[in-house]
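Observations on chain architecture
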Amino acid sequence: MIERVLQAAAFRDAQQPFIIDRNRVWSYAASWTAVRRMAHGLMVSGANRLVAYMDDSAELIHLLIAASLAGKTILVANRLCTAEELAEVASNLSADMVISPATIEPMTTRQCSIDAILTVAEGTGQHSPSDFAGQGEVFILTSGTTGRSKCAAYAWDRLMSQVHRRADQRYSRWLLLYQLNHFAGFQMVAHVISNTACLVIPQSLDVARVANAIESHAVTHASGTPTFWRMFAGMRRERLRCLRQITLGGEAATSDLLEKLRSLFPDASISQVYATTELGSCFSTSDGLPGFPASLLDDAARPIQLKVIDGELYVRSVNGMSGYVSKGGTDSLVQKRADDWVATGDLVTQVGDRFFFRGRVSETVNVGGVKVNPLEVEACILAVDGVLAAHVFGRPNPVTGSIVVAEIVCDHDRSSESIIAAVREACLRSLTRYQRPRFVEAVPSLKTVNRKVRRHASTITLSHSISAEHDT
Amino acid sequence: MTNLPSTAHRPRVQTIVAQVCADKGIILRAGSIDDEAPLYGVNGIGLDSLDVAVLSSLLEKEFGDDPFSHGLFARSIGEIIRFYESAAS
C-alpha cells in the first residue's frame, strides 16, 4: 500500500523532496529507487520477519517501505534498549533477521546491515515489480508509559487509511518529533507520503537544534507531545513565523500550554490529536481549547464513536490495529474486533459542553480513600510561571495508602526555591488538602517514553540522569 | 536507618512535628511541645490522618525509616522518639 503511494509520487513529483536527514535530501524518485533495491535485497535474503535496530533516518524509512514492498513484517526496536532486550524482542516475535549497522551480542537471530542487503541486491538479478509480494505488515510497540509495552500488528493500508489528504498540505514540510519505533512516527510517515510532503528529521530533539531545523529547512508543520512543546516553549524566547501548523498528541494539553504556543507561533494553527497505538487516530480538535467538544459523543455516523462510562472514555473504531502479537508470532495474534468498544483508560469530566482529560485510570492516586487525578494537580502546577514541566504521582504511605508528590522542571534562569514556593502557594489556593503535593522537588528533567512523561510512581529520591530528549 | 545517639532524635522529631503543624496553620515552636501531648484530637495537637501521613513521610525522609511503616501508630512525640531510640540501641 505505502509502496504504491511512493511509486505514484515518484512518477508524478519525481524531484519533490521526500526526506531530509542529516546526510542528504532524498527526492521521491531517489527514495523509490532506494526502496526497490532494498526490497530486492530483502527478497534475496529469504527473511520474512524483520527487526530494525537503527537511528531514525531516511534509510530506516526506506527499509520500512521496502519491507512492505517485499511482503515482509517489520518491527522497529527502540534504539535505547539493551542487546539483551533486543534479543528478547526478536525471540518473542520469532524474527528471522535483525537489521542493524553494527553487530549485536548476544543475539541468536541472524543479523544483517543495510549495506549487506544492498550488496546482495547488486550481486543478483533484479526482481521485476510483479515479483514483489507487497502487503507487508508492521508491528508497533505501545509507548508503555504506564507499564510494559505491548506489540500491535498493523497492515499499512490501515495506517494509510487514517490519513487525510489535503490540498493545503501538499508539498508541506513536516518536522519529525516522534520516534519511528512508535505509532505516532509511523503515522507521520504515512501522512507525509500521502500528501507528497517532505519529512525533516532533526539531528536531536535539543531545543536549539529543533529550532535550527525548523528555520534552515523552512518547516511548515510540526507534531509533538505536549511534554516536548512545553519544554520548547519554556526555553525558546524568539517567535518562529515559518510554522503554519502545530499539532499536539499523545498526552493531554493544558490551556496554559496552548496559550504559550499561540504566543510563540503567532502564524500557526494549533490542533490536538487523540490517538492510541491500538485504536489509531480517533479525533482531532483545532479550537485551541483543552479537551474535546461533547458533541463528538452524539455523532453515531462517525466511523469512530465515543462514549463515557463511569468517567472513562471508550472508543469504537474501524481503524486501528489488527490485534496484539503475543509471544510466538502470527499464530498467536489476538484479533481485535471492529465492533468492540475499547476502554481507553483515559478519565474525562464533562463541564458544560466540553470534556476534559483528568488522567489515566491507572494513575489515579488514592489518598486515604480520596481519588486524586494527577493531571488536575499538574495543570495547577504548570500554570505557575517558571515551571517548564511537571509530573505528579502517588508515593506509598503507611497511613493513607498514598500521598501526592510532584517533580518539576524549573526555568534554568530562575531560582528553583522561589518557583517551588510559588507552586506551593498555587496548590494551597486551588487544590483540596488531599490533592496538594506534600513534596515538591525540582529535577533537571523528567523521565520520558517516546517524548511523553513516563507515568508511574517513582520515589522522590530517584536519580534523574536521563534528559528529556533521551527516551527510555 | 541512621544510627544516632538517643539525645539527637528529640530536637529533630520536634522540628518535624512543628513543620507539619505549620503546614496546617498551627504555629508551634520546636522544643516547646510536650513530648507526651496527644498528636490527635481536640485535646492534643490536632493532627488528622493526612497530617500523620505527611509526618510519617517526613520522618522517613529524615531518618530513613518511620514508626508508622512498622505498624506503630505513634500517639505522641514521645512514642516516636522512643521508636528511634529503641532502634538505635
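None of these values were measured; they are calculated from a predicted model.

Brief notes about the overall build of chain A
Summing up its helical and strand segments, chain A has twelve helices and 28 strands in all. Split into buried and exposed, the 472 residues of chain A put 48% on the buried side. Excluding contacts between residues fewer than 6 apart, the proportion of contacts in chain A whose partners are at least 24 apart in sequence is 65%.

Looking at the interface of chain A and chain B
Contacts between the two partners involve nine residues from chain A and, on the opposite side, nine residues from chain B. Per-class residue counts for the side of chain A that touches chain B are four nonpolar, three polar and two charged.

Some points on the domain arrangement of chain A
All names here are of chain A. What the domain assignment lists for chain A is domain 1 (2-348) and domain 2 (364-453). When each unit is reduced to the centre of its C-alpha atoms, the spacing between domain 1 and domain 2 is 32 Å. Facing the 20 residues of domain 1 at the interface are 14 residues of domain 2. Per-element accounting of the side of domain 1 that touches domain 2 gives the leading share, five residues, to helix α9 (residues 226-235). Classifying every residue of the side of domain 1 that touches domain 2 gives six nonpolar, eleven polar and three charged.

A few points about the sheet that holds strand β21 (residues 354-360) of chain A
Residues and elements named next belong to chain A. Taken together, the five strands give an open sheet; going across it, the order is β15-β21-β20-β17-β16, and neighbouring strands pair in antiparallel fashion. On the outer flanks of this sheet lie β15 (292-293) and β16 (304-309), each paired with one strand and no other. In this sheet, strand β17 (residues 312-317) lies alongside β16 in antiparallel orientation, the contact comprising six bridges. Within β17, the residue paired with Ile 304 across the bridge is Ser 317.

Observations regarding the environment of A:Ile99
Residue and element names in this part refer to chain A. Summarising the element assignment, Ile 99 is placed in strand β5 (residues 97-99). In this structure the C-alpha to C-alpha distance between Ile 99 and Ala 116, which are 17 residues apart in sequence, comes to 9.6 Å. The contact partners of Ile 99, leaving out residues within four places of it in the chain, are Leu 50, Ala 52, Tyr 53, Met 54, Leu 63, Cys 112, Ser 113 and Ile 114.

A short note on the sheet that holds strand β24 (residues 387-397) of chain A
Residues and elements named next belong to chain A. A sheet is described by the order of its strands in space; here three strands give the open sequence β24-β25-β26, paired in mixed fashion. On the outer flanks of this sheet lie β24 and β26 (439-442), each paired with one strand and no other. Along the sheet, successive strands turn relative to each other by an average axial angle of 25°, direction set aside. Here four bridges tie strand β25 (residues 401-410) to β26, and the two strands are oriented parallel to one another. Bridge pairing links Glu 407 to Glu 441 in β26. Sitting on the sheet, helix α12 (residues 416-430) is in contact with β24, β25 and β26, with an inclination near 150° to β26.

Rules and cut-offs
- Residues numbered from 1 in each chain as written.
- Chains lettered and ligands numbered in written order.
- Predicted model: local features only at pLDDT ≥ 70, side-chain atom pairs only at ≥ 80, totals over all residues.
- Helix = DSSP H or I, 4+ residues; strand = E, 2+ residues; numbered from the N terminus.
- Buried ≥ 20, exposed ≤ 12 C-beta atoms within 10 Å, placed from the backbone.
- Contact = placed C-beta atoms within 7 Å.
- Nonpolar A, V, L, I, M, F, W, Y, C, P; charged D, E, K, R; others polar.
- Domains from an automatic or database assignment.
- Pairing = 2+ DSSP bridges.
- Axes fitted to C-alpha atoms, helices over the stretch in contact; angles between N-to-C directions.

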